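# Commentary on secondary and tertiary structure
Below, each chain spelled out in residue letters.
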Amino acid sequence: MNRPQDPQDDTALRALYRQAQDAISPATTARLHRARYAATQAVAPARRGWGLPLATGFAAVFALAIGARMLMPEADAPAPAATPALVAADTAARIDEGVEEALASYDESPDFYRWLAANETTLLAVE
């Protein structure tokens, strides 16, 4: 929440911060600086590797493959004489039919329109 700060509050907070800084001994301040530096150095090597981005990419690809497989309707085995191009076209047509059926179910569902009306302000705010 961004609200305008009162200049008096800001001045009072700055004074409290300075007072807290003065209360900390130089040895404690030095120890805190060393600990912060050590913590940033320990995290830095993990950021340089390709492990996490690579693993994330593979996970995303596999999730998309599983999702695409789940959307595909059960298909009979293609005839042995069918060419790959015909099989691909047939599969694409079945996927299009499945998408059309899913969209038609939303068009016929009154719950969908109730949900849409209830969330209209949220959807307008996103745009």
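Residues numbered from 1 in each chain as written. Predicted model: local features only at pLDDT ≥ 70, side-chain atom pairs only at ≥ 80, totals over all residues. Heavy atoms only, no water.

Within the chain, the regular secondary structure consists of six helices and zero strands. When the elements of the chain are put in sequence order from the N terminus, they spell out α-α-α-α-α-α. Expressed as a percentage of its 127 residues, the buried residues of the chain come to 1%. Surface exposure of the chain reaches about 11,600 Å², of which carbon and sulfur atoms provide 64%. (Helix = DSSP H or I, 4+ residues; strand = E, 2+ residues; numbered from the N terminus. Buried < 20%, exposed > 50% of the residue type's maximum accessible area, 1.4 Å probe, protein only. Areas by Shrake-Rupley, 256 points an atom, 1.4 Å probe, with all protein chains shown as cover.)

This part covers the packing of aromatic side chains. Geometrically, a pair of aromatic rings is defined through the distance of the ring centres and the angle of the planes. This model, assessed by the stated rule, comprises one aromatic pair. With 6.5 Å between their ring centres and 25° between their planes, F58 and F62 make a pair best called stacked. With F58 and F62 both in helix 3 (residues 51-71) and four residues apart, this pair spans about one turn of that helix. Residue classification places F58 among the partly exposed positions, given a relative accessible area of 49%. (Phe/Tyr/Trp six-rings, centres within 6.5 Å; stacked < 30°, edge-to-face > 60°.)

Moving on to the pattern of salt bridges. Following the criterion strictly, the structure yields two salt bridges and no others. Across the pair D10 and R14 runs a salt bridge whose closest N-O atoms are separated by 3.2 Å. Within this pair, D10 and its partner R14 are both found in helix 1 (residues 7-23), separated by four residues, close to a single helical turn. A salt bridge links R94 to D90; the nearest nitrogen and oxygen atoms lie 2.2 Å apart. One end of the pair is R94 and the other is D90, both in helix 4 (residues 84-108) and four residues apart, which spans about a single turn. (Salt bridge = Lys/Arg side-chain N within 4 Å of Asp/Glu carboxyl O.)

Take a negative patch on the surface next. The grouping of D96, E97, E100 and E101 at the surface amounts to a negative patch. On the accessibility criterion, E100 (54% relative accessible area) is exposed. (Patch = residues over 30% accessible without salt bridge, like charges linked within 9 Å, V, L, I, M, F, W, Y side chains within 5 Å. Lys, Arg positive; Asp, Glu negative; His and termini not counted. Charge placed at Lys NZ, Arg CZ, Asp CG, Glu CD.)

Here helix 1 spans 24 Å end to end across 17 residues, near enough to the 24 Å set by a 1.5 Å rise per residue. Across the 17 residues of helix 1, zero count as buried, placing the element largely on the outside. (Expected span 1.5 Å × (residues − 1).)

Together, W50, L54, F58 and F62 make up a nonpolar patch on the protein surface, roughly 540 Å² of accessible area in all. Mapped onto the elements, W50 comes out in the loop between helix 2 (26-48) and helix 3.

Turning to the confidence of the model for the chain, a few remarks are in order. Looking at the chain, the pLDDT average stands at 76 and 76% of residues meet or exceed 70. Across the chain, helix 1 holds the top mean pLDDT of 86, while helix 6 (residues 120-126) sits lowest at 65. (pLDDT = per-residue confidence, 0-100.)

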